[in-house]
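Chain and residue survey
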Amino acid sequence: MNPNLIHPRSQDRQTVYLKNVVNDPTIEVGDYTIYNDFVRDPVDFVTNNVLYHYPINQERLIIGKFCSIACGAKFMFTSGNHALRSLATFPFGIFTDDWSVPFPEMTKTWDNRGDIIIGNDVWIGFEAIITQGVTIGDGAIIATRAVVTKDVPPYTIVGGVPAKPIRKRFDDETIAKLQKTAWWNWPAEKIRDRLDMITEGRIDELVGE
Ligand SMILES: CC(C)(COP(=O)(O)OP(=O)(O)OC[C@H]1O[C@@H](n2cnc3c(N)ncnc32)[C@H](O)[C@@H]1OP(=O)(O)O)[C@@H](O)C(=O)NCCC(=O)NCCS
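Residues numbered from 1 in each chain as written. Predicted model: local features only at pLDDT ≥ 70, side-chain atom pairs only at ≥ 80, totals over all residues. Heavy atoms only, no water.

**Digging into the environment of Pro42**
Mapped onto the elements, Pro42 comes out in the loop between β3 (34–36) and α1 (45–49). Setting aside its immediate chain neighbours within four residues, Pro42 contacts Arg13, Gln14, Thr15, Val16, Val21, Tyr35 and Asp37. (Helix = DSSP H or I, 4+ residues; strand = E, 2+ residues; numbered from the N terminus. Contact = heavy atoms within 4.5 Å.)

**Observations regarding the sheet that holds strand β7 (residues 74–76)**
With respect to topology, four strands assemble into an open sheet ordered β4-β7-β10-β13, the strand pairing being parallel. Looking at which strands have only one partner, the edges of the open sheet turn out to be β4 (50–51) and β13 (147–148). Two strands pair when backbone bridges link them, and β7 and strand β10 (residues 129–131) are joined in this way by three bridges, in the parallel orientation. Directly across from Met76, in β10, lies its bridge partner Thr131. (Pairing = 2+ DSSP bridges.)

**Notes on a nonpolar patch on the surface**
A contiguous nonpolar patch, built from Phe90, Phe92, Ile94, Phe95 and Trp99 and spanning about 470 Å² of accessible area, is present on the exposed surface. Of note, Phe90 is situated in the loop between β7 and β8 (116–118). With relative accessibility at 42%, the residue Phe90 sits in the partly exposed group. (Patch = residues over 30% accessible without salt bridge, like charges linked within 9 Å, V, L, I, M, F, W, Y side chains within 5 Å. Areas by Shrake-Rupley, 256 points an atom, 1.4 Å probe, with all protein chains shown as cover. Salt bridge = Lys/Arg side-chain N within 4 Å of Asp/Glu carboxyl O. Buried < 20%, exposed > 50% of the residue type's maximum accessible area, 1.4 Å probe, protein only.)

**Side note on the layout of surface pockets**
The gaps of empty space that remain are located by a probe, the size of a water molecule, rolled over the atoms. Considered as a void within the structure, the largest pocket measures approximately 700 Å³ in volume. Every residue lining the largest pocket is counted, 28 residues in all, and those nearest its centre are Asp121, Trp183, Leu195, Ile198 and Thr199. Element by element, the count of residues in the lining of the largest pocket is highest for helix α4 (residues 195–199), at four residues. Here the residues of the lining of the largest pocket are counted per class, giving 20 nonpolar, four polar and four charged. (1 Å grid on protein atoms, 1.4 Å probe; cavity = no way out; pocket = protein on both sides within 12 Å on 5 of 7 lines; lining within 4 Å. Points joined across faces, edges and corners; volume = space filled by probe spheres on them. Nonpolar A, V, L, I, M, F, W, Y, C, P; charged D, E, K, R; others polar.)

**Quick notes on the side chain of Thr181**
Structurally, the position occupied by Thr181 is in helix α2 (residues 172–181). A relative accessible area of 14% means that Thr181 is categorised as buried. Once you skip the residues sitting within four places of it in the chain, Thr181 turns out to touch Trp186 and Val207.

**What to know about the state of the cysteines**
Applying the stated rule across the entire model yields zero disulfides. Cys67 carries a free sulfur, and the closest cysteine sulfur to it, the one in Cys71, is 17 Å from it. The class for Cys67 is buried, based on a relative accessible area of 1%. Cys71 sits in the buried class, given a relative accessible area of 4%. (Disulfide = S-S within 2.5 Å.)

**Some points on the sheet that holds strand β9 (residues 123–124)**
Overall, mixed pairing links the seven strands, which are arranged β1-β3-β6-β9-β12-β14-β15 in an open sheet. Among the strands making up the open sheet, the edge pair consists of β1 (15–17) and β15 (164–168). For β9 and strand β12 (residues 141–142), the ladder comprises two bridges, and the chain directions are parallel. Looking at β12, one finds that Trp123 is bridged to Ile141.

**Some remarks on the site of the ligand**
Taken together, Ala70, Trp123, Gly125, Phe126, Ile141, Ala143, Thr144, Ile157, Gly159, Gly160, Ile166 and Arg167 form the complete shell of residues around the ligand. In the model, an oxygen atom of the ligand is placed 2.9 Å from a nitrogen or oxygen of the Thr144 side chain. Taking Arg167, its side chain carries an N or O atom lying 2.6 Å from an oxygen atom of the ligand. About the coverage of the ligand: the protein hides 41% of its 920 Å² of free accessible area. Among the secondary structure elements, those contributing two or more residues to the shell around the ligand are β14 (156–159) and β15. (Near = heavy atom within 4 Å. Polar contact = N/O pair within 3.5 Å; in protein donor to acceptor, adjacent residues only side chain to side chain.)

Coordinates in, geometry out; function isn't part of it.
Shown next as structure tokens:
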């Protein structure tokens, strides 16, 4: 229950508590969120998984607590999108030297759809892609290889390209109770003492605490 560990499983170098390998003021990660990578070193998450995230647009990546991010999931920012209002797809604006474009003109080279915000207890599947400006609600599940282009409501499973809702994880009453409880904000000891209620789906006992 030490959120400051890099490798929370002593024999496992493929899984990290993500917040401890991210050193970028525009990326925030909550306690206990894990990233697993069996292809590349997970400590290189920012380089390998946060794509087209250039300082010029100042977008943020915000990830909550207790999320599970599977191998190869990626967060793709606006700078990967050449501006669609331009008559050309070619990004003239970034060739400041060769095409004599004044530096301030660079920002016009991209549209800016803003931050990517991931709630708490979100599970992002293998090689899913979350695109610019998307907000994913608490408890959502992103299926393997989904491409998420729109906001995902809390406790909703989405999949496909573009990702569409598959189903809700629980009935509306249970979802409301979970969101009100917000167990991810409890002290770690309180969560540990109630792991059986959480993992066995005993919502009424959990909220009755
Ligand atoms: C989405 C997922 C959670 C399963 O959820 P589920 O509700 O049990 O889904 P089901 O298997 O019952 O399938 C329900 C529907 O979703 C579709 N579906 C399942 N996985 C999908 C995917 N990755 N992409 C698109 N559609 C998917 C099924 O084809 C089915 O469609 P239908 O209703 O038209 O027949 C699971 O398939 C998944 O993607 N898990 C992530 C696994 C992963 O990446 N793990 C990495 C290690 S942590």
